[in-house]
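Spelled out from the first residue to the last, the chains are:
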Amino acid sequence: MQLVIVESPAKAKTIEKYLGSDYRVLASYGHVRDLPPRDGSVNPDEGFAMEWENYADKTKQLKAIADAAKTADRLILATDPDREGEAISWHVQEVLAKRKALPKDVQRVTFNAITKQAVTQAMQAPRDLDTDLIDAYRARRALDYLVGFTLSPVLWRKLPGAKSAGRVQSVALRLIVDREREIEAFRAQEYWSITAAMEQDGMPFSARLVQWQGKKLDRLSIGAEGDALKAKADVEAGNFSVQSVETKPATRNPPPPFTTSTLQQEAARKLGFSADHTMRIAQQLYEDGAITYMRTDGVQMDGSAISAARAAIADRYDGGYVPDKPRQYQTKAKNAQEAHEAIRPTDFSKDRVGGGDHARLYDLVWKRALASQMASARMERTTIELADGTGRNLLRATGQVVLFPGYLALYEEGQDDKGFRGGSAQQGDAEDEDAKRLPRMREGDSPAKKDIVAEQHFTQPPPRFSEASLVKRMEELGIGRPSTYASIIKTLKDRAYVRVEKNRFFAEESGRLVTAFLERFFEKYVGFDYTAGLEEELDDVSGGRAQWQAVLEAFWRDFKPRTAEVMEQKPSEVTAALDQFLAPYLFPEKADGSDPRLCPACHAGQLALRGGKFGAFIACSNYPECKYTRRFAQGGDAAAEDTGPEQLGHDPETGLPVERKSGRFGPYIQLGEGKEAKRASIPKDIGDLDLEMALRLLHLPRTVGQHPETGQPITASIGRYGPYLLHDGKYARLSSTAEVFETGMNAAVVKLAEAAAGGGRPARGAARAPLKVLGAHPRTEAELKLMEGRYGPYVTDGTTNATLPKTIAPDQLTLEEAAQLIDDRAAAAPAKPKKKAPAKKAAAKKPAAKKAPAKKTAKKE
């Protein structure tokens, strides 16, 4: 018997079917062991020796593999064809060797696709384990461990509220934080464009003013309304005729087939998938034999695949869409060992596979791979310049005609949006106009002017990163590797260092503070060039060009002393250093030249960064006399607007002060001071908050009255999910804060009755109304609903319930995310034992029936 080890049970089942009865295929279910999360798992003093520990949940699977290996003639390690796959094979071999269950004949095989041909060919070309790839895996794993377990404790002790740091994770976070800083520092600049609406032979077109009074214009040349109106008047007064017509042929070549990175980017742009979701779906398509391996830096395709693609193109289109020669693409990856074949369909004749998200992602892969072998698109770009009689004012019209669509008939690559950073020519406007059609014109023609428009614009800040643009930027900088991007982004979300709104990354307060700390005390290790250089060194290890322990030694030699140095500093010293480092952000210079650190409350103390239990904040130096504070993240304009605690007045009953404050969870009201102080959140639907409304909020819940039927009190209040009525343990929703104070007895009784009948918040045990019906699960077709539960919102398909992670806002939840949550929860749930049919209860007046022997026997069986 020959034992084959792969990662997943789905893959094992398919491969066993291809290989026949002499083979037994078992799954390792991914990695079987890892470095335990405790000090000493990597020992730099002993050549970076590593202490590995088997995963507790893999005990049963490892036993099955070991039992099968003891009777096997040959062990074939057939895990994925990349560094991680090589590592899994190595781990399995090491575990079997320790258990003395390793067969004498051990071989490694790899295949890029799970098809019968690919698998059987791989079995005929076995090799040994690649020690260079294993060393590269060990080096990366040790580096990540050393950074995490050395740097994170420094964060915990010196920066309250910080959760963790990582070798690549922290650099990716810095990208997001840097972009946030760019946006905050951006100052919009006004500019104007002059456009003429014209017509020639009944065909309208538009032309832009590109030269005025003999001076060439770029985007920002006309910056004031007065100049714009003068330029408009000159165009209106001028008689423009065609000065030149320039027509140039243009060609657009198709993009190469997908790599891991470009697949993640395009799936984010066109399908709205997260990188993590894209890789899960791609993994399943790979295991189903639909596409080739999805973790790759390579853009080349196998010769037989190219031939199949060309045949599919010829079958779908006419011969003109097939180029004379097959297209060959070259990978940019420096490490040829990891530059596998590009992601492509295993069968180009199949244009559809599966349903739901699987079908959508497969369609993207199929179209991209097929388009990569199609003919180029041919276009004709025309530029027409029109001059007035003086020759000092020029209008320009541009257009483009597609003469032959080529690959564009099937596929066009998505684009990330780009913010204008100022100073460049009118490139963006020109690109928009390129797609327009122009009438035929010759030199000397004088098209009719229909209208002249002077339009005001403002430069825009650079856009926040989407998953697609973040992945693209990380790849451009050489930070991390494409196979790790999904997990890096997921970690940033899970740590709450970033939040995602409308598919854009926003740096959270904690993320900004951690980044500032690392830039101040570990600048080298969050540097883009340094991180990229370290990645190249690790690639050199996997390519056999560097020794892994030497790479680790060079890193540890500088990193360890630096962490020890920072650990010796007092938290107050760290905070003071961060105060100075962040001063331009936290205390920007004021237009009137006044002191930006002057306390806006007491006008005497100085503002400075302080550390607290829940993180950093800004406070006045005159504390406790002055209690002014503001959140750390309120830098720039937000800081200028924040005047700290606002005293609304005094409670007439107690005489205690009533203040409006801002906390970690938003604005709130406080009555009194210290531990005895009473607090209440300020609802979002309250406009101008005065003392009267503040006291009403502080004195909630409000008693509406006694229910006429039960005599029990009805109260109105505001809870975690908004305003509500409560009576005898039963709830009813209210639509606004105003209703909390205005709802009378009659209305309250009606609302409670409606809630009991199915509206509002139902009684315990009653069916709850969904917050939102999301649609049918793309794989099971079950209806997915977003529900409100006792411990927060969750999604359900009627059988499985999955709690919504904090990183997903309920109003932003998509069907794809809900389906994945259900799938993950169902996969994690333990199998439920079948329940035995309960014995029928006998009537109370026949107690002897409970001791019936037949019933007891049935129960024992």
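Just so we're clear, the structure is a prediction, and the values are computed from it rather than from any experiment. (Residues numbered from 1 in each chain as written. Predicted model: local features only at pLDDT ≥ 70, side-chain atom pairs only at ≥ 80, totals over all residues. Heavy atoms only, no water.)

Chemist: For the overall build of the protein chain, give the residues involved together with the corresponding values.
Modeler: Assigned secondary structure in the protein chain consists of 25 helices and 32 strands. In the protein chain, which comprises 861 residues, the share counted as buried stands at 47%. Sequence separation of at least 24 residues holds for 66% of the intrachain contacts in the protein chain that already meet a minimum separation of 6. A total of about 44,100 Å² of accessible surface is found on the protein chain, and carbon and sulfur atoms cover 49% of it. (Helix = DSSP H or I, 4+ residues; strand = E, 2+ residues; numbered from the N terminus. Buried < 20%, exposed > 50% of the residue type's maximum accessible area, 1.4 Å probe, protein only. Contact = heavy atoms within 4.5 Å. Areas by Shrake-Rupley, 256 points an atom, 1.4 Å probe, with all protein chains shown as cover.)

Chemist: Break down the pairing of strand β2 (residues 23-27) for me, citing the residues and quoting the values.
Modeler: Extensive coverage of β2 is indicated by the burial of four of its five residues. Looking at chain direction, strand β1 (residues 2-6) and β2 are connected through five bridges and run parallel. Looking across to β2, one finds that Ile5 is bridged to Leu26. In the classification by handedness, the crossover that spans β1, the intervening helix α1 (residues 9-19) and the parallel β2 is right-handed. (Pairing = 2+ DSSP bridges. Right-handed = clockwise from strand over helix to strand, strands pointing away.)

Chemist: Report on the side chain of Thr278, specifying residues and quantitative values.
Modeler: Relative to the elements of secondary structure, Thr278 occurs in helix α9 (residues 275-287). For Thr278, a relative accessible area of 0% gives the class buried.

Chemist: Please provide a residue-by-residue account of the packing of aromatic side chains, values included.
Modeler: Applying the stated rule across the entire model yields 15 aromatic pairs. Judged by centre distance (5.9 Å) and plane angle (80°), the ring pair of Trp52 and Trp90 falls under edge-to-face. Taken together, the residues Trp52 in the loop between β5 (49-50) and β6 (53-54) and Trp90 in helix α3 (residues 83-98) connect sequence positions 38 residues apart. Measuring from ring centre to ring centre gives 5.1 Å for Tyr286 and Tyr293, while their planes differ by 70°; the resulting arrangement is edge-to-face. Judged by its relative accessible area of 0%, Tyr286 falls in the buried class. (Phe/Tyr/Trp six-rings, centres within 6.5 Å; stacked < 30°, edge-to-face > 60°.)

Chemist: Hey, could you go over the packing of helix α5 (residues 131-158) against helix α17 (residues 548-567) for me, with residue numbers and the actual values?
Modeler: Their axes nearest at 11 Å, the elements α5 and α17 cross at an angle of 0°. As the angle between them shows, α5 and α17 are arranged roughly parallel. Of the residues contributing to the contact of α5 with α17, the split by class is 15 nonpolar, two polar and four charged. (Axes fitted to C-alpha atoms, helices over the stretch in contact; angles between N-to-C directions. Parallel < 35°, antiparallel > 145°, perpendicular 65-115°, else oblique. Nonpolar A, V, L, I, M, F, W, Y, C, P; charged D, E, K, R; others polar.)

Chemist: An account of unusual backbone geometry is needed here, citing residue identities and associated values.
Modeler: The linkage connecting Tyr623 with the following residue, Pro624, adopts the cis geometry, with an omega of 10°. Within the element layout of this structure, Pro624 appears in the loop between β19 (615-620) and β20 (629-631). At the junction of Leu700 and Pro701, the peptide bond is cis and its omega measures out at 5° in the coordinates. With respect to the secondary-structure elements, Pro701 resides in the loop between α21 (691-698) and β25 (702-706). The backbone phi angle of Phe48 is positive, close to 60°, even though this residue is not glycine. Inspection of the secondary structure assignment puts Phe48 in the loop between β4 (42-43) and β5. Positive phi values are uncommon outside glycine, yet Asp728 reaches one of about 55°.

Chemist: For the pattern of salt bridges, give the residues involved together with the corresponding values.
Modeler: Under the defined criterion, the tally for this structure stands at 42 salt bridges. Of the charged contacts, one joins Arg38 and Glu51 as a salt bridge, the two residues approaching to 2.5 Å between their closest N and O atoms. Of this pair, Arg38 sits in the loop between β3 (33-34) and β4 while Glu51 sits in the loop between β5 and β6, and the two are 13 residues apart along the sequence. Look at Glu51 and you get partly exposed, because its relative accessible area is 35%. What emerges from the salt-bridge pattern is a single network uniting Arg140, Asp144, Arg167, Arg481, Glu535 and Asp539. (Salt bridge = Lys/Arg side-chain N within 4 Å of Asp/Glu carboxyl O.)

Chemist: Please provide a residue-by-residue account of the packing of helix α13 (residues 467-477) against helix α14 (residues 482-494), values included.
Modeler: Interaxial distance between α13 and α14 falls to 11 Å at its minimum, and their mutual angle equals 125°. Considering the angle they form, α13 stands oblique to α14. Both α13 and α14 take part in a crossing whose hand is right-handed. Contacts between α13 and α14 involve Glu467, Leu470, Val471, Met474 and Glu475 from the first element and Pro482, Tyr485, Ile488, Ile489 and Lys493 from the second. Looking at side-chain class alone, the contact of α13 with α14 contains seven nonpolar, no polar and three charged residues. (Left-handed = near helix turned anticlockwise from the far one by under 90°.)

Chemist: If you had to explain the confidence of the model for the protein chain to someone new, which residues and values would you point to?
Modeler: Reading fine detail from the predicted coordinates is not recommended where pLDDT is low. The predicted model of the protein chain has a mean per-residue pLDDT of 84, with 88% of residues at 70 or higher. Every residue in residues 759-767 scores below 50 in pLDDT, and together they form twelve contacts with partners more than four places removed in sequence or on other chains. Between residues 840-861, whose pLDDT stays under 50, and residues either more than four places distant or in other chains, the model counts five contacts. (pLDDT = per-residue confidence, 0-100.)

Chemist: Would you mind going over the environment of Arg720 in detail, with residue names and values included?
Modeler: Within the secondary structure, Arg720 sits in the loop between β26 (713-719) and β27 (722-727). The exposure class of Arg720 is exposed, given its relative accessible area of 65%. As for Arg720 and Gly792, which are separated by 72 residues in sequence, their C-alpha atoms are 9.2 Å apart.

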